[in-house]
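In case you want the letters, here they are:
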Amino acid sequence: MRAVIQRVKESYVKVDGKIVGKIGKGLLVLLGIGKEDTDKDLKWMEDKIPNLRIFEDENDKMNRSLIDIGGEMLVISQFTLYGDASHGRRPSFSEAAPSDVAREMYLRFCDDLLSFHPALKIEKGIFQAKMEVYIVNDGPVTIIVDSKM
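In short, a report on the structure. (Residues numbered from 1 in each chain as written. Predicted model: local features only at pLDDT ≥ 70, side-chain atom pairs only at ≥ 80, totals over all residues. Heavy atoms only, no water.)

**Here we look at the nonpolar core**
Judged by nonpolar contacts, the single largest core of 28 residues is most densely connected at I5, V29, L31, I49, V75 and F109. Contributing elements (two or more residues each) for this core: β1 (2-15), β3 (26-32), α1 (39-51), β6 (72-77), α3 (99-116) and β8 (131-146). The element that contributes the greatest number of residues to this core is α3, accounting for six residues. If we skip the residues at most four places from it in the chain, V75 touches V29, L31, Y106, F109, C110, I122, E123, K124 and G125. V4, V8, L30 and L74 belong to the second-largest nonpolar core, a separate cluster that totals eight residues. (Core = buried A, V, L, I, M, F, W, Y, C linked by side-chain atoms within 4.5 Å. Buried < 20%, exposed > 50% of the residue type's maximum accessible area, 1.4 Å probe, protein only. Helix = DSSP H or I, 4+ residues; strand = E, 2+ residues; numbered from the N terminus. Contact = heavy atoms within 4.5 Å.)

**Some thoughts on the layout of surface pockets**
If you add up the space inside the largest pocket, you get close to 330 Å³. Along the wall of the largest pocket there are 18 residues; nearest its centre are S77, Q78, F79, Q128 and M131. Elements with a minimum of two residues in the lining of the largest pocket: β6, α3 and β8. For the lining of the largest pocket, a count of residues per class yields 12 nonpolar, five polar and one charged. (1 Å grid on protein atoms, 1.4 Å probe; cavity = no way out; pocket = protein on both sides within 12 Å on 5 of 7 lines; lining within 4 Å. Points joined across faces, edges and corners; volume = space filled by probe spheres on them. Nonpolar A, V, L, I, M, F, W, Y, C, P; charged D, E, K, R; others polar.)

**Some thoughts on unusual backbone geometry**
Cis geometry is found at the peptide bond from G139 to P140, where omega equals 0 degrees. Structurally, the position occupied by P140 is in strand β8. Even without glycine at this site, D16 takes up a positive phi of about 55 degrees. Turning to its location among the elements, D16 is positioned in the loop between β1 and β2 (18-23). Accessibility expressed as a relative area gives 79% for D16, which makes it exposed. Backbone geometry places D60, a non-glycine residue, at a positive phi of 60 degrees. Mapped onto the elements of the fold, D60 is located in the loop between β4 (55-56) and β5 (62-64). Looking at D60, the relative accessible area reads 64%, which means it is exposed.

Here it is in C-alpha coordinates:
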(Lines give C-alpha, C1' and ligand atoms only; values in the text may rest on other atoms or scores of the structure.)
Protein backbone atom coordinates (compact mmCIF):
# COMPACT_ATOMS: atom_id res chain seq x y z
CA MET A 1 0.00 0.00 0.00
CA ARG A 2 1.11 3.52 -0.68
CA ALA A 3 0.00 6.77 0.85
CA VAL A 4 0.72 10.43 0.32
CA ILE A 5 0.01 12.13 3.63
CA GLN A 6 -0.42 15.87 3.91
CA ARG A 7 -0.67 17.75 7.17
CA VAL A 8 -3.57 20.13 6.68
CA LYS A 9 -5.30 23.02 8.38
CA GLU A 10 -8.43 21.92 6.56
CA SER A 11 -9.42 19.75 3.63
CA TYR A 12 -12.58 18.67 1.90
CA VAL A 13 -13.66 16.61 -1.06
CA LYS A 14 -16.48 17.32 -3.50
CA VAL A 15 -18.34 14.97 -5.79
CA ASP A 16 -20.73 16.51 -8.33
CA GLY A 17 -20.34 19.89 -6.61
CA LYS A 18 -21.36 18.53 -3.18
CA ILE A 19 -19.01 18.22 -0.20
CA VAL A 20 -18.92 14.54 0.80
CA GLY A 21 -16.10 14.70 3.37
CA LYS A 22 -14.58 17.58 5.32
CA ILE A 23 -12.00 17.92 8.10
CA GLY A 24 -10.24 20.59 10.07
CA LYS A 25 -6.70 20.23 11.43
CA GLY A 26 -5.29 16.81 10.67
CA LEU A 27 -4.20 14.61 7.79
CA LEU A 28 -5.29 14.22 4.20
CA VAL A 29 -4.40 10.66 3.17
CA LEU A 30 -4.30 9.73 -0.50
CA LEU A 31 -4.33 5.92 -0.30
CA GLY A 32 -3.31 3.54 -3.08
CA ILE A 33 -3.82 -0.22 -2.96
CA GLY A 34 -1.47 -2.47 -4.93
CA LYS A 35 -2.35 -5.83 -6.44
CA GLU A 36 0.12 -7.59 -4.12
CA ASP A 37 -1.14 -5.94 -0.91
CA THR A 38 -2.33 -8.15 1.94
CA ASP A 39 -3.78 -7.80 5.43
CA LYS A 40 -0.20 -7.34 6.65
CA ASP A 41 0.14 -4.17 4.52
CA LEU A 42 -3.26 -2.94 5.70
CA LYS A 43 -2.37 -3.39 9.38
CA TRP A 44 1.02 -1.70 8.85
CA MET A 45 -0.65 1.38 7.36
CA GLU A 46 -3.34 1.43 10.04
CA ASP A 47 -0.61 1.62 12.67
CA LYS A 48 1.82 3.89 10.82
CA ILE A 49 -0.38 6.75 9.63
CA PRO A 50 -2.25 7.85 12.78
CA ASN A 51 0.96 7.49 14.81
CA LEU A 52 3.27 9.49 12.52
CA ARG A 53 4.82 12.25 14.59
CA ILE A 54 4.45 15.13 12.15
CA PHE A 55 2.73 17.74 14.31
CA GLU A 56 4.73 20.23 16.37
CA ASP A 57 5.08 20.07 20.11
CA GLU A 58 5.58 23.08 22.42
CA ASN A 59 9.20 23.35 21.16
CA ASP A 60 8.21 23.44 17.47
CA LYS A 61 9.60 19.91 16.94
CA MET A 62 7.60 17.33 15.00
CA ASN A 63 6.94 15.08 17.99
CA ARG A 64 3.15 14.72 18.07
CA SER A 65 0.90 12.37 16.14
CA LEU A 66 -2.64 12.77 14.85
CA ILE A 67 -3.81 10.81 17.89
CA ASP A 68 -1.82 13.08 20.25
CA ILE A 69 -3.45 16.23 18.90
CA GLY A 70 -6.96 14.80 18.51
CA GLY A 71 -6.81 15.62 14.81
CA GLU A 72 -9.01 14.54 11.95
CA MET A 73 -8.35 12.45 8.84
CA LEU A 74 -9.72 12.61 5.30
CA VAL A 75 -8.97 9.43 3.32
CA ILE A 76 -9.18 9.45 -0.48
CA SER A 77 -8.67 6.32 -2.57
CA GLN A 78 -6.07 6.99 -5.26
CA PHE A 79 -5.11 4.15 -7.59
CA THR A 80 -2.87 6.53 -9.56
CA LEU A 81 -0.27 6.20 -6.79
CA TYR A 82 0.56 2.93 -8.57
CA GLY A 83 1.09 4.66 -11.91
CA ASP A 84 4.38 3.60 -13.52
CA ALA A 85 5.66 6.21 -15.95
CA SER A 86 9.13 4.70 -16.37
CA HIS A 87 8.42 3.61 -19.95
CA GLY A 88 6.78 5.78 -22.57
CA ARG A 89 4.63 8.79 -21.80
CA ARG A 90 1.45 7.19 -20.60
CA PRO A 91 1.50 5.66 -17.12
CA SER A 92 0.71 2.00 -16.64
CA PHE A 93 -1.53 1.10 -13.71
CA SER A 94 -0.96 -2.66 -13.91
CA GLU A 95 0.38 -2.78 -10.33
CA ALA A 96 -2.80 -1.28 -8.85
CA ALA A 97 -5.25 -3.67 -7.22
CA PRO A 98 -8.43 -4.56 -9.09
CA SER A 99 -11.23 -2.19 -8.11
CA ASP A 100 -13.23 -4.74 -6.06
CA VAL A 101 -10.15 -5.61 -3.96
CA ALA A 102 -9.09 -1.96 -3.63
CA ARG A 103 -12.59 -0.87 -2.57
CA GLU A 104 -12.74 -3.54 0.15
CA MET A 105 -9.27 -2.67 1.53
CA TYR A 106 -9.92 1.08 1.37
CA LEU A 107 -13.18 0.72 3.32
CA ARG A 108 -11.56 -1.67 5.81
CA PHE A 109 -8.74 0.84 6.36
CA CYS A 110 -11.26 3.56 7.29
CA ASP A 111 -13.46 1.26 9.38
CA ASP A 112 -10.50 -0.28 11.24
CA LEU A 113 -9.10 3.14 12.12
CA LEU A 114 -12.45 4.13 13.60
CA SER A 115 -12.66 0.95 15.65
CA PHE A 116 -9.05 1.30 16.91
CA HIS A 117 -9.36 5.05 17.58
CA PRO A 118 -13.05 5.87 18.16
CA ALA A 119 -12.25 9.45 19.17
CA LEU A 120 -10.79 10.24 15.73
CA LYS A 121 -12.97 11.89 13.13
CA ILE A 122 -12.42 10.04 9.86
CA GLU A 123 -14.01 11.24 6.65
CA LYS A 124 -13.65 9.77 3.18
CA GLY A 125 -14.28 10.38 -0.46
CA ILE A 126 -16.41 8.19 -2.71
CA PHE A 127 -14.58 5.25 -4.22
CA GLN A 128 -14.12 5.55 -8.02
CA ALA A 129 -15.95 8.87 -8.17
CA LYS A 130 -14.47 11.86 -9.95
CA MET A 131 -13.52 14.05 -7.00
CA GLU A 132 -12.25 17.54 -6.37
CA VAL A 133 -9.98 17.60 -3.33
CA TYR A 134 -9.38 20.93 -1.60
CA ILE A 135 -6.34 21.23 0.65
CA VAL A 136 -4.91 23.89 2.92
CA ASN A 137 -1.53 22.26 3.49
CA ASP A 138 0.03 23.10 6.85
CA GLY A 139 3.77 23.68 6.65
CA PRO A 140 3.72 22.39 3.97
CA VAL A 141 4.31 18.91 5.32
CA THR A 142 3.93 16.00 2.89
CA ILE A 143 5.09 12.47 3.70
CA ILE A 144 5.07 9.40 1.44
CA VAL A 145 4.80 5.97 3.03
CA ASP A 146 4.86 2.57 1.37
CA SER A 147 4.19 -0.66 3.23
CA LYS A 148 6.65 -2.50 0.97
CA MET A 149 9.66 -0.24 1.58
